[in-house]
Each structure stands twice: as C-alpha cells, then as structure tokens.
Amino acid sequence: MDLIRSFLVAHVIAKAKGLAILSVIRAGFLVTARGGSGIVLARLPDGRWSAPSAIGIAGLGGGFELGIEVSDLVVILNYDRAVEAFARGGNLTLGGNFTVAVGPVGRNLEGDVALRSSAAVFTYCKSRGLFAGISLEGSCLIERKETNRK
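Everything quoted here is computed from the prediction, not taken from an experiment. (Residues numbered from 1 in each chain as written. Predicted model: local features only at pLDDT ≥ 70, side-chain atom pairs only at ≥ 80, totals over all residues. Heavy atoms only, no water.)

Turning our eyes to something else, we now look at the overall build of the chain. Counting its regular elements, the chain contains three helices and five strands. For the chain, the sequential pattern of α-helices and β-strands runs α-β-β-α-β-β-β-α. Taking all 150 residues of the chain together, 35% fall into the buried category. Taking the contacts inside the chain whose residues are at least 6 apart along the sequence as the reference set, 74% of them involve residues at least 24 apart. With an accessible surface of roughly 8,900 Å², the chain has 68% of that area assigned to carbon and sulfur atoms. (Helix = DSSP H or I, 4+ residues; strand = E, 2+ residues; numbered from the N terminus. Buried < 20%, exposed > 50% of the residue type's maximum accessible area, 1.4 Å probe, protein only. Contact = heavy atoms within 4.5 Å. Areas by Shrake-Rupley, 256 points an atom, 1.4 Å probe, with all protein chains shown as cover.)

In structure tokens form, the structure reads like this:
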C-alpha cells in the first residue's frame, strides 16, 4: 500500500504546475483565528522550479470548536491559474471545516469556495495539537512582499 501511495504522490507532483508549503496555527473557543506563512514555487517552462515566493494566510471562523492546532500543509497546484492565485495573494475563501487533532494525530475535512480565483488543488495536511470542532471559516491569502524583497 505504501508503494502505491508513494507512486501516486510522485506522479501527482511530477505533473504539478506548482507547490505551496505552509505552516498554519489555529486556536480558539467558539470563535477561532488562524494564521501562518509559507512559500509557493512554480514549475518553469523548462521543468525546473522557480525561486520561492513568501506567502501568508489569515482567517477567522466560528462554530462549535475548541483548542489549538498546528498544521503543516503541502498544496499541489495543478493549474497555472492556481499558481498565480497563490503567488499574487489577495484570495479570499469561505468554507466549512470539520477537524479533530489529538497530539500528533489529526484529521481535517474541509470544503472551500474561492471568491476571486478557482482552480483544482490537492492538499496534504499533518495536524498536531488538541483541537476539535465544526465551523464556518473565511481565509485570506496574501503575498508577503517585504519578505520577498529581502
């Protein structure tokens, strides 16, 4: 099974137009806030990877939820428009979320709608902490221009 999973992941990444790698922290009770940062890379026409571009994410949510969790995400961007959306920032998403994280084991089921740009992506997530909840959330993706200048 692990061999098949490794093959599928390698195949998906080989066809990817870009990657976004983020670390996000979420905390709260009934009302939650989340924020984090990471990088986005684009595949160049010759097949090499671009230099990284710094991005950040911030959001608020509300619902039946409690705790704190840290999630590490790898987002595989399947289309050029997805790479552009992540690289330029300013995207706003609204969605629902069901999360359970206890210690180093976490599961997350999430559905989002992007208001400015939509494109199919695959997301791999590892969560840790103590968090449980069902919520409605909004998030904004931003380009960290000052970090990119440095």
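A word on the pattern of salt bridges. This structure, assessed with the given rule, holds six salt bridges. The salt bridge partner of Glu69 is Arg26, with a shortest N-O separation of 2.4 Å. Taken together, the residues Glu69 in strand E2 (residues 53-77) and Arg26 in strand E1 (residues 18-42) connect sequence positions 43 residues apart. Judged on exposure class, the residue Glu69 and its partner Arg26 are both buried. A salt bridge links Glu137 to Arg34; the nearest nitrogen and oxygen atoms lie 3.4 Å apart. Residue Glu137 is found in strand E5 (residues 121-143), and its partner Arg34 is found in strand E1; the two are separated by 103 residues along the sequence. The pair formed by Glu137 and Arg34 is uniform in burial state, with each residue classed as buried. Through salt bridges with shared partners, a single network forms among Arg26, Arg34, Glu69 and Glu137. (Salt bridge = Lys/Arg side-chain N within 4 Å of Asp/Glu carboxyl O.)

Attention now goes to the side chain of Glu69. Residue classification places Glu69 among the buried positions, given a relative accessible area of 2%. Among the polar contacts listed, one links the side chain of Glu69 to the side chain of Arg26, at a separation of 2.4 Å. (Polar contact = N/O pair within 3.5 Å; in protein donor to acceptor, adjacent residues only side chain to side chain.)

Note on soluble globular proteins: their nonpolar side chains tend to be buried together. The biggest cluster of nonpolar side chains holds 14 residues, and the ones touching the most others in it are Ala20, Val40, Ile55, Leu77 and Phe86. Going through the elements one at a time, E1, E2 and helix H2 (80-88) are the ones with two or more residues in this core. (Core = buried A, V, L, I, M, F, W, Y, C linked by side-chain atoms within 4.5 Å.)

A complete count under the given rule lists zero aromatic pairs for this structure. Lying over the aromatic face of Tyr79, Arg81 brings its terminal NZ or CZ to 5.2 Å of the ring centre. (Phe/Tyr/Trp six-rings, centres within 6.5 Å; stacked < 30°, edge-to-face > 60°. Lys NZ or Arg CZ within 6 Å of the ring centre and 35° of its normal.)

On the surface, Ile21, Ile39, Val74, Phe122 and Tyr124 cluster together to form a nonpolar patch covering roughly 380 Å² of accessible area. Looking at where Ile21 falls in the secondary structure, it is placed in strand E1. (Patch = residues over 30% accessible without salt bridge, like charges linked within 9 Å, V, L, I, M, F, W, Y side chains within 5 Å.)

For the rest of this paragraph, the subject is the side chain of Arg34. Since its relative accessible area comes to 17%, Arg34 is described here as buried. At 2.7 Å, the side chain of Arg34 forms a polar contact with the side chain of Ser139.

What follows deals with the environment of Phe29. Among the structural elements, Phe29 can be located in strand E1. You can call Phe29 exposed: its relative accessible area is 56%. Linking Phe29 and Ala132, residues 103 residues apart in sequence, is a C-alpha distance of 9.9 Å. Not counting chain neighbours up to four residues away, the residues in contact with Phe29 comprise Glu65 and Leu66.

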